[in-house]
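# Observations on chain architecture
Listed below, chain by chain, are the residues.
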Amino acid sequence: MKTIIITGPSGSGKSYLSNKLAKSFKGSIIIKTDSFYKDELYIKILSILFNDIYDRIISIRIKELNKTVDAINKEVKEVKFYDYDFKTKKSIKSSTEILYKKNTGFLILEGIFSHRLNINYSETFNIICNETKLKCYQRRIKRDKSERGRCRNEVDNKFNQSWYLFYLNLNNYINNYNIIYLNPEDKLSYDKLINKIKLFT
C-alpha cells in the first residue's frame with residue numbers, strides 16, 4: 001500500500017485534508033500520529049512543567065507507531081492502534097482487523113510527527129499543509145476548547161512554541177524529499193493534488 005504523508009503546523013488542516021483524501025480514494029487507511037501520544041506519568045508531569053511537551057517527539061509512542069505503519073505495509077490482518085484522549089490524558093490500545101484491497105486506497109499518515117518516522121520518504125507522496133499562522137491559531141482556539149478541554153490562555157501559552165518547534169524540525173525533510181505545499185481549503189489546488197496522486201498510483 002502506497003503512503004501519503006500529510007504534515008504541517010498545528011491547526012493547518014491536516015486532519016481535514018486526510019479525511020477528504022480518504023473519501024476521494026476509497027479503502028484508504030488513516031493513521032493520526034497524535035493518537036499515539038504517551039500517557040505515562042512522566043509525560044503528564046512534563047506536560048505541567050513544559051507547555052510544549054506534546055510538540056516534541058519524546059511525547060509519541062514512536063516504536064509502536066512505526067510498528068503499526070510497518071504492519072499495514074506488510075498487510076497484517078490484525079493491526080494495533082492507539083487512541084489518545086486529550087481531556088483525560090489517557091491512551092487506549094486496540095486491535096483492528098483490516099481487509100486489504102488491491103489498488104483502492106492509500107495509507108494516509110498525518111500529524112506534526114508524520115515526517116519524522118522510520119520510513120523511506122523518497123517512496124512516499126509528501127504534502128505540507130500551508131496555512132497562515134493567524135488561521136492556524138484561530139483553528140487551535142476553536143478545536144482545543146471543544147475537543148481538548150483547553151482554555152484560550154492555555155492555547156496562547158502553547159501555540160507560538162508549537163509553531164516554532166514544527167518548523168525547527170522541518171529542514172531535513174524539505175531539503176531531501178519532493179514536497180507539495182497545499183492549502184487544504186483551496187479547491188483548485190486540491191483538484192490538482194488529486195491528479196498528481198493518481199499519477200503516483
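Located above this text is the structure these notes cover.
Residues numbered from 1 in each chain as written. Predicted model: local features only at pLDDT ≥ 70, side-chain atom pairs only at ≥ 80, totals over all residues. Heavy atoms only, no water.

This paragraph deals with the overall build of the chain. Secondary structure assignment for the chain yields seven helices and seven strands. The order of helices and strands in the chain, counted from the N terminus, is β-α-β-α-α-β-β-β-β-α-α-α-β-α. On C-alpha atoms alone, the chain measures out to a radius of gyration of 17 Å, which is about the 17 Å that the 2.2 N^0.38 rule sets for 201 residues. Seen through its C-alpha atoms, the chain measures out along the principal axes to roughly 45 × 40 × 30 Å. Within the chain, the fraction of its 201 residues that count as buried is 46%. Looking at the chain alone, contacts between residues at least 24 apart form 73% of all its contacts between residues at least 6 apart. Accessible surface, the chain as shown: approximately 11,200 Å² in total, 50% of it carbon and sulfur. (Helix = DSSP H or I, 4+ residues; strand = E, 2+ residues; numbered from the N terminus. Rg over C-alpha atoms; globule rule 2.2 N^0.38 Å. Buried < 20%, exposed > 50% of the residue type's maximum accessible area, 1.4 Å probe, protein only. Contact = heavy atoms within 4.5 Å. Areas by Shrake-Rupley, 256 points an atom, 1.4 Å probe, with all protein chains shown as cover.)

The parallel open sheet is built from five strands, whose spatial order is E2-E5-E1-E6-E7. Looking at which strands have only one partner, the edges of the open sheet turn out to be strand E2 (29–32) and strand E7 (179–182). Ignoring strand direction, the axes of neighbouring strands in this sheet form an average angle of 20 degrees. Looking at chain direction, strand E1 (residues 3–7) and strand E6 (residues 125–129) are connected through four bridges and run parallel. Each residue of the ladder has a partner; that of Ile 5, found in E6, is Asn 126. (Pairing = 2+ DSSP bridges. Axes fitted to C-alpha atoms, helices over the stretch in contact; angles between N-to-C directions.)

We now examine the nonpolar core. Core analysis: the largest hydrophobic core is formed by 31 residues, its most contacted members being Ile 31, Tyr 37, Leu 65 and Ile 72. Looking at this core, the elements that each hand over two or more residues are E2, helix H3 (62–73), strand E3 (78–85) and strand E5 (107–110). Of all hydrophobic cores here, the second largest spans 18 residues; its members include Ile 6, Leu 17, Ile 127 and Phe 200. (Core = buried A, V, L, I, M, F, W, Y, C linked by side-chain atoms within 4.5 Å.)

As a general feature of sheets, a regular strand has side chains that alternate between the two faces. Of all five residues in E1, five are buried; the element is thus mostly enclosed. Where E1 lies against E5, four bridges are found, and the strand directions are parallel. Bridge pairing in E5 links Ile 4 to Ile 108.

Moving on, we get to helix H1 (residues 14–24). When H1 is considered as a whole, its buried residues turn out to be Lys 14, Leu 17, Ser 18, Leu 21 and Ala 22. All buried residues of H1 lie within an arc of 135 degrees about the axis, which places them on one face of the element. (Arc of directions from axis to C-beta.)

Turning next to unusual backbone geometry. Positive phi, close to 60 degrees, is recorded for Glu 75, a residue that is not glycine. Looking at the secondary structure, you find Glu 75 in the loop between H3 and E3. Although it is not a glycine, Lys 89 sits at a positive phi angle of roughly 55 degrees. One can find Lys 89 in the loop between E3 and strand E4 (90–97).

The next thing to look at is the pattern of salt bridges. The final tally for this structure, using the stated rule, is twelve salt bridges. One salt bridge connects Glu 131 with Arg 139, and the closest N-O pair in it is separated by 3.4 Å. On the basis of relative accessible area, Glu 131 is assigned to the buried category, the value being 12%. The exposure class assigned to Arg 139 is partly exposed, which follows from its relative accessible area of 21%. (Salt bridge = Lys/Arg side-chain N within 4 Å of Asp/Glu carboxyl O.)

Given 3.6 residues per turn, any residue in an α-helix points the same way as the ones three and four places further on. Between its terminal C-alpha atoms helix H5 (residues 152–168) stretches 24 Å, which fits the 24 Å expected from 17 residues at 1.5 Å a residue. The largest bend in H5 amounts to roughly 30 degrees and is located at Lys 158. Of the surrounding secondary structure, the elements contacted by the buried residues of H5 are E1 and helix H4 (133–147). (Expected span 1.5 Å × (residues − 1). Bend = angle between axes of the 7 residues up to and from the residue.)

Any link to function would need more than the numbers given here.
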